[in-house]
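Examination of the molecular architecture
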Amino acid sequence: ATALPTADTAQQVSVTVKAFMSADLPNELIELLERLILHDTDIAREQFRSNKNLQNLLILTAIKADKARVMDYVNRLDNYEGPQIAKIASHPEHKLYDEAFFIYKKFGMGVEAIEVLLQCKEDIEKATDFAQTWDKADVWVILGKAQLDGKMTKEAINSFLKAEDPEYFEDVIAASKTGDLFEDLIKFLLMARAKLKNPLLDNELIYSYAKTDKLGELEDFINGKNNAKYPDIGERLFKEKLFLAAKIIYKFIKDNSKLALCYVHLKEFKNAVDAANDAGKIPVWKEVCFACVAAEEFKLAQRCAMHIIVYTNHLMELVMHYEYLGYFDQLIEVLEAGIGLQRAHQGIFTQLGICYCKYKEESLMQHIKEYWSRLNIPKLLQACRQHQKWLEVVHLYSYYSQHDNAIETLMDHSAECWSHDLFKKTVHQVSNSEMYYKAIEFYLQEKPLLLNDLCTDLTPKLDHSRVVTLVKRKGHVPLIKGYLLSVQPENNDIINEAINTLFYEEEDHKNLLKSVDTYPNFDQASLAALLKKHELLEFRRIAAHIYQMNQRFEESIELSKQDEMWDDAMKTAEISANSALAESLLYFFVDKKEYECFSACLYTCYELIKPDVVLELAWRNNLVDFVMPYMVQTFTDYSSKMSVLFTKVARLEEKLGDGKNAGDEEKDEGTPMLTAPLMITAGPAGMMGGGMPPPPGMGGPMGPGGPMMGPPMGGPMMGGIPPQQGSPFFRGT
């Protein structure tokens, strides 16, 4: 310590310092070096006071051994390795930050100095003061970045502006958005875009103008030269609901689709419709239309809707939107206007029908009738069935040629949709013949008074036997009487029996007799068996008539005898051409003492009765007067026959003699034949004569056209007795 101050060579100083360092005597070394560098004023040792190594050694030794002296040393000394020493001093091991800052500042290293303040001391206020004092761009940039990291965005922007450095523009933009510092950000961006040509800067400047409502500046900016990506910034503004600014952007780039949507959000609906028209895109039309509907701008909404409904895949969405908001009348107005479009398609007509079905049912039927050919009938059918519009369902089925379903609907929902004319019109067109009989059953159950009209209308299509069986099973045959009479000419046994049963039940003997005579195809035996027990005489007579038709003459005559219908009995005997029946009837009249009928029977059954039987009966029962007309007629006939026979024999002989065959034959043709039997007009008292009343059951006097008309009689009377006028046996020649 005492030798070093007297040393005058560098070698001596070096050996001494090394010795102190080897002995690990830092404090003593500091005292030695301080005396040599700071306190020794000897001119001979001036070289040691300015020696860089010795100054470095002094400061470094102080850093390690006596930190309190470091600030004084760095301040007083000038020839040392400032950056290296500052770096060592700022090391976390030594934490001599003020000393490091001072060294950097002293050596003109502003960046390193402010970094010590910011990174080591974290004293941003002192760093700010230093930056203002230093006032260099690189320092302001470092300060700005530190302020930005410390969420001092406004101060950071000011620092960057002073530095005129846009290096950290992305961080500044992000921080400004977070802190809503768009006014300051505008200043930064204007500075930055003067330095850089980056679309992001221009986009962010537009966004900042929009956020601060500086729309005038925004318009001026986009009208100038810039590198903004308008679609991107426009979309961003739109998403963040900055519609005024977005409108300016989209109007500038002529993006009418987005512009229309901006107008929608700004409630400028008329402009929105005009923009949508210029865009001509379905999604835009839909957005504008739905917005107009929500705002109850129905006229404008309808203009938009006309461009939507012409597309089938978008029609339903529009319909559902109107319905969801409850604007049913307005929806109908849209669709009614739509069917008049040149591009109107099936879906529009169908949806209008569905809307009528739901909300305006009074217009549905007319719509179906006018436009059925342009409807999606299955779809509208489903809606009508769902809303129980059954009459419309019937018409739709008919237009769709599903007449069977139409008839079933009419029957299933008759209370709502049935009408007789519609039913008849529809049932004619069914493809399944079973529907006719279902229809008959339906009418039997619900519309019985119209059943006859239905059956008559369906006559060509029906199995009449099945109809009768069906109705008979229900016990309502009288309901279809008119129909049965109309089809009776077919002479069907089941129909005939049904009609005859009706007449029987109605006690209409005239029509029953007419039916039996005209249409004989029925179970005659059963009907006769039924009628012969009837309490009314006329029906029993019909039974006898039926027996007669079936050649059951004995039963017919027997039935007539029971009812004392002598005329019917005699006619039956005559028709039978059975001599035994005719003779038995004579015996019956004689037994019953019905002598007038006995005489009438001789006339009626003239050809069937043997004269010997008549004479025997007359002789045995003293009825000569009653049989005399018969006998006269019989002798007249025999006389005429003999006369003819004699004439023919004479002519034959003449022909054989003269050989004139031809002349004889002509004469034979002129010879009168047997004449019809003549009735003697008068006889003994008690016989049938003029003024005598007819026998019971004969129906009137016998004569021309009377009930006992027999074969006509003619020729001369026996014994030269001329016929008398008025006689029941008289017929003029």
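Residues numbered from 1 in each chain as written. Predicted model: local features only at pLDDT ≥ 70, side-chain atom pairs only at ≥ 80, totals over all residues. Heavy atoms only, no water.

Attention now moves to helix 39 (residues 553-562). Within helix 39, the full set of buried residues consists of F553, S556, I557, L559, S560 and K561. The first or second residue beyond helix 39 is E564, which carries a positive phi of 55°. (Buried < 20%, exposed > 50% of the residue type's maximum accessible area, 1.4 Å probe, protein only. Helix = DSSP H or I, 4+ residues; strand = E, 2+ residues; numbered from the N terminus.)

With that out of the way, let us pick up the pattern of salt bridges. As enumerated under the stated definition, the model contains 26 salt bridges in all. A salt bridge links K154 to D184, with the nearest nitrogen and oxygen atoms 3.1 Å apart. Pair noted here: K154 is in helix 11 (residues 153-163) and D184 is in helix 13 (residues 182-195), with a separation of 30 residues, a long-range link. Among the charged side chains, a salt-bridge network with shared partners connects K177, E204, R236 and E240. (Salt bridge = Lys/Arg side-chain N within 4 Å of Asp/Glu carboxyl O.)

Two residues of an α-helix separated by three or four positions point the same way, owing to the 3.6 residues in each turn. Here helix 17 (residues 243-253) has its buried residues at F243, A245, A246, K247, I248, I249 and Y250. Those residues of helix 17 that are buried are in contact with helix 14 (199-211), helix 15 (215-223), helix 16 (230-239) and helix 18 (256-265). K254, located one to two residues past helix 17, shows a positive phi value of around 60°. (Contact = heavy atoms within 4.5 Å.)

The next point concerns the packing of aromatic side chains. All chains considered together, the criterion is met by 21 aromatic pairs. The interplanar angle of 85° and the centroid separation of 5.6 Å between the aromatic rings of W566 and F589 together place this pair among those described as edge-to-face. Of this pair, W566 sits in helix 40 (residues 566-576) while F589 sits in helix 41 (residues 579-591), and the two are 23 residues apart along the sequence. When sorted by exposure, W566 lands in the same class as F589, which is buried. An aromatic cluster of three or more residues is present, and its members are W418, F423, F442 and Y443. Over the aromatic face of Y168 sits the side chain of K145, whose NZ or CZ is 5.4 Å from the ring centroid. (Phe/Tyr/Trp six-rings, centres within 6.5 Å; stacked < 30°, edge-to-face > 60°. Lys NZ or Arg CZ within 6 Å of the ring centre and 35° of its normal.)

As a further point, take the layout of surface pockets. By volume, the largest pocket is sized at about 250 Å³. Lining the largest pocket are 15 residues, and of these L513, R541, I542, H545 and D568 lie nearest its centre. For the lining of the largest pocket, the secondary structure elements donating two or more residues are helix 36 (509-518), helix 38 (537-549), helix 39 and helix 40. The element contributing the most residues to the lining of the largest pocket is helix 38, with six residues. (1 Å grid on protein atoms, 1.4 Å probe; cavity = no way out; pocket = protein on both sides within 12 Å on 5 of 7 lines; lining within 4 Å. Points joined across faces, edges and corners; volume = space filled by probe spheres on them.)

What follows is about the environment of L485. Locating L485 in the fold gives a position in helix 34 (residues 481-487). Since its relative accessible area comes to 38%, L485 is described here as partly exposed. Between the alpha carbons of L485 and S515 there is a distance of 9.6 Å; along the sequence they are 30 residues apart. With residues up to four places along the chain from it excluded, the contact list for L485 reads I499 and F503.

On to the environment of E361. Looking at the element boundaries, E361 is found in the loop between helix 24 (346-359) and helix 25 (364-371). According to the relative accessible area criterion, E361 is partly exposed, its value standing at 47%. Sequence spacing of E361 and K389 is 28 residues, and the spatial spacing of their C-alpha atoms is 8.3 Å. If we ignore the near neighbours within four places in the chain, the residues touching E361 are Y356 and K389.

Next up on the list: the confidence of the model for the protein chain. Put simply, the protein chain has an average pLDDT of 82, and 83% of its residues get 70 or more. For the stretch residues 670-733, pLDDT sits under 50, and the model shows 132 contacts to residues farther than four places along the chain or on other chains. (pLDDT = per-residue confidence, 0-100.)

The residue K151 is not glycine, and still its phi comes out positive at about 60°. For K151, the location among the structural elements is in the loop between helix 10 (137-149) and helix 11.

The N-to-C vectors of helix 8 (residues 110-120) and helix 10 enclose an angle of 20°; their axes lie 9 Å apart at closest approach. In terms of orientation, helix 8 lies roughly parallel with respect to helix 10. Handedness of the helix 8/helix 10 crossing: right-handed. Contacts from G110, V111, I114, E115 and L118 of helix 8 reach helix 10 at D138, V139, I142, L143 and A146. The class makeup of the residues in the contact of helix 8 with helix 10 is seven nonpolar, one polar and two charged. (Axes fitted to C-alpha atoms, helices over the stretch in contact; angles between N-to-C directions. Parallel < 35°, antiparallel > 145°, perpendicular 65-115°, else oblique. Left-handed = near helix turned anticlockwise from the far one by under 90°. Nonpolar A, V, L, I, M, F, W, Y, C, P; charged D, E, K, R; others polar.)

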